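For reference, the chains in residue letters:
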Amino acid sequence: MPLNSKIEDPSNHDWKHNDLADRFNTHKAMDEIHPDAAVNIYVGWPVFFEQIKYQMEFLGRDKLNILDFGCGTGEFCKNLHMKGHKVVGMDKSDSMLEIAKGNSPHDISYCLKELVDSDGECSIFYNQMDVITAMHSFEWNKNIDDIVKDLDKFLVPKGIMLFAVFPKGHVIESLKIKDLFEDFDSEENPTEGFCNFDGVKIPVYIKDPTYFDDIFKKMNYEKVLEFYPQLPKTFLEKYEWHAAMYPEMVILAYRKTV
Ligand SMILES: C[S@@+](CC[C@H](N)C(=O)[O-])C[C@H]1O[C@@H](n2cnc3c(N)ncnc32)[C@H](O)[C@@H]1O
């Protein structure tokens, strides 16, 4: 092999790339946070908090056990903990988890998990969770259905899975304006392609809500929510959002019935 040949670094296609811990930097001051991460805080978190409140009312409890799948640098876990919940954060990126652990109180548990497919260190939390959250954490996995089935092991009956993913309409609009999304199988019906985070290209898999409806129906879950939050004016002004205006996330929730 010639000495100057470019050897592709596999971490350029993986969430374990260290640069991504700085891109999804929700642990920093609000004016240092990247707009792609701030959108989760401004648009996604309020809906998640509201649904968790409904779940508390549904279960008649004032504290819940909550697992945040794909917790990243842990700021959402910290906010849940401040609201009094017992929190577990799970992520496959050790650099993200290192930041999360460094910034969090000790009674938040973090576990490193590549795929939730076996009895690893996280299995001590099986059958305990009243809520599982996943803020833009599912769509980077080709085998989303396997991950959902494995996450089911952590949830108690009547527990909810509450998550946000990219809606197809947002990806279609982003491809038109050449923002973030690229190299997709189709411009009109994009299902597989990449998100380019300043040179780190992560494969991404776009699923319609009906895909999740089918998975959860087979698992005897009932649908609780399908919501496309708008981008608030305060957010658009503060972060000079130049990305697609189609809602950046669809938030879905399903309740385990048995
Ligand atoms: C877009 S970031 C979102 C991070 C965080 N939820 C937030 O709102 O800032 C996606 C996160 O999901 C994690 N992730 C993706 N697939 C995963 C998997 N199969 N197992 C564990 N973590 C995963 C990544 O490591 C990354 O931290």
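Residues numbered from 1 in each chain as written. Predicted model: local features only at pLDDT ≥ 70, side-chain atom pairs only at ≥ 80, totals over all residues. Heavy atoms only, no water.

A. Spotlight on the overall build of the protein chain. Per the secondary structure count, the protein chain includes eight helices and ten strands. For the protein chain, whose C-alpha radius of gyration is 18 Å, the value lies close to the compact-globule estimate of 18 Å for 258 residues. Dimensions of the protein chain, computed from the C-alpha atoms along their principal axes, are close to 60 × 40 × 40 Å. For the protein chain, the accessible area works out to roughly 12,400 Å², and carbon and sulfur atoms hold 51% of it. Separation of charge centres in the protein chain, based on 29 positive and 44 negative side chains, amounts to 5 Å. (Helix = DSSP H or I, 4+ residues; strand = E, 2+ residues; numbered from the N terminus. Rg over C-alpha atoms; globule rule 2.2 N^0.38 Å. Areas by Shrake-Rupley, 256 points an atom, 1.4 Å probe, with all protein chains shown as cover. Lys, Arg positive; Asp, Glu negative; His and termini not counted. Charge placed at Lys NZ, Arg CZ, Asp CG, Glu CD.)

B. Inspection of the sheet that holds strand E8 (residues 200-205) at higher detail. The antiparallel open sheet is built from three strands, whose spatial order is E6-E7-E8. Edge strands, defined here as strands with exactly one partner in the open sheet, are strand E6 (181-182) and E8. As paired strands, strand E7 (residues 192-197) and E8 are joined by six bridges and run antiparallel to one another. Counted as the bridge partner of Asn196 is Lys201 from E8. (Pairing = 2+ DSSP bridges.)

C. Structural detail: the side chain of Glu139. Tracing the backbone through its elements, the reader meets Glu139 in the loop between strand E4 (129-135) and helix H5 (144-151). Buried charge without a partner: Glu139 forms no salt bridge, and the closest opposite charge is Lys92, 12 Å away. A distance of 3.3 Å separates a polar atom in the side chain of Glu139 from the backbone nitrogen of Ser137. Not counting residues within four places of it along the chain, the set of residues in contact with Glu139 comprises Ile144, Ala164, Val165, Phe166, Pro203, Val204 and Tyr205. (Buried < 20%, exposed > 50% of the residue type's maximum accessible area, 1.4 Å probe, protein only. Salt bridge = Lys/Arg side-chain N within 4 Å of Asp/Glu carboxyl O. Polar contact = N/O pair within 3.5 Å; in protein donor to acceptor, adjacent residues only side chain to side chain. Contact = heavy atoms within 4.5 Å.)

D. H5, seen in detail. Residues of H5 that are buried include every one of Ile144, Ile147, Val148, Asp150 and Leu151, and no others. The arc enclosing the buried residues of H5, seen along the axis, measures out at 165°, which places them on a common side. (Arc of directions from axis to C-beta.)

E. Here's a closer look at the pairing of strand E3 (residues 109-112). As paired elements, strand E2 (residues 86-91) and E3 share four bridges and run parallel to each other. Of the residues in E3, the one forming a bridge with Gly89 is Tyr110. The parallel pair E2 and E3 is bridged by helix H4 (residues 94-103), and the resulting crossover is right-handed. (Right-handed = clockwise from strand over helix to strand, strands pointing away.)

F. Region of interest: the state of the cysteines. What the rule picks out here adds up to one disulfide. Paired by a disulfide, Cys111 and Cys122 hold their sulfur atoms 2.4 Å apart. The chirality of the disulfide connecting Cys111 with Cys122 is right-handed, given an S-S dihedral of about 125°. With a gap of eleven residues between them, Cys111 in strand E3 and Cys122 in the loop between E3 and E4 connect regions that are remote in the sequence. For Cys111, a relative accessible area of 2% corresponds to the buried category. (Disulfide = S-S within 2.5 Å.)

G. Up close: the sheet that holds strand E9 (residues 221-227). Reading across from one edge, E3-E2-E1-E4-E5-E10-E9 is the order of the seven strands in this open sheet, with mixed pairing throughout. Unpaired on one side and paired on the other, E3 and E9 mark the two borders of the sheet. Each neighbouring strand pair of the sheet contributes to a mean axis angle of 15°, computed without reference to strand direction. As paired strands, E4 and strand E5 (residues 155-165) are joined by six bridges and run parallel to one another. Across the sheet, residue Met135 finds its bridge partner in E5, namely Ala164. Contacts from helix H7 (residues 209-218) reach E5, E9 and strand E10 (250-256) within the one sheet, and its direction differs from that of E10 by about 10°. (Axes fitted to C-alpha atoms, helices over the stretch in contact; angles between N-to-C directions.)

H. Local environment of helix H6 (residues 168-176). All of the buried residues along H6 are Lys168, Gly169, His170, Val171, Ser174 and Leu175. Tucked inside the fold, the buried residues of H6 contact E6. Downstream of H6 by one or two residues, Lys178 has phi in the positive range, about 55°.

I. Geometry of the packing of helix H2 (residues 35-59) against helix H3 (residues 75-82). Across the interface, H2 lies against H3 with an axial gap of 12 Å and an inter-helix angle of 40°. You can see that H2 and H3 cross each other, and the crossing is right-handed. The residues of H3 that touch H2, namely those facing Trp45, Phe48, Phe49 and Ile52, are Glu75, Phe76, Asn79 and Leu80. (Left-handed = near helix turned anticlockwise from the far one by under 90°.)

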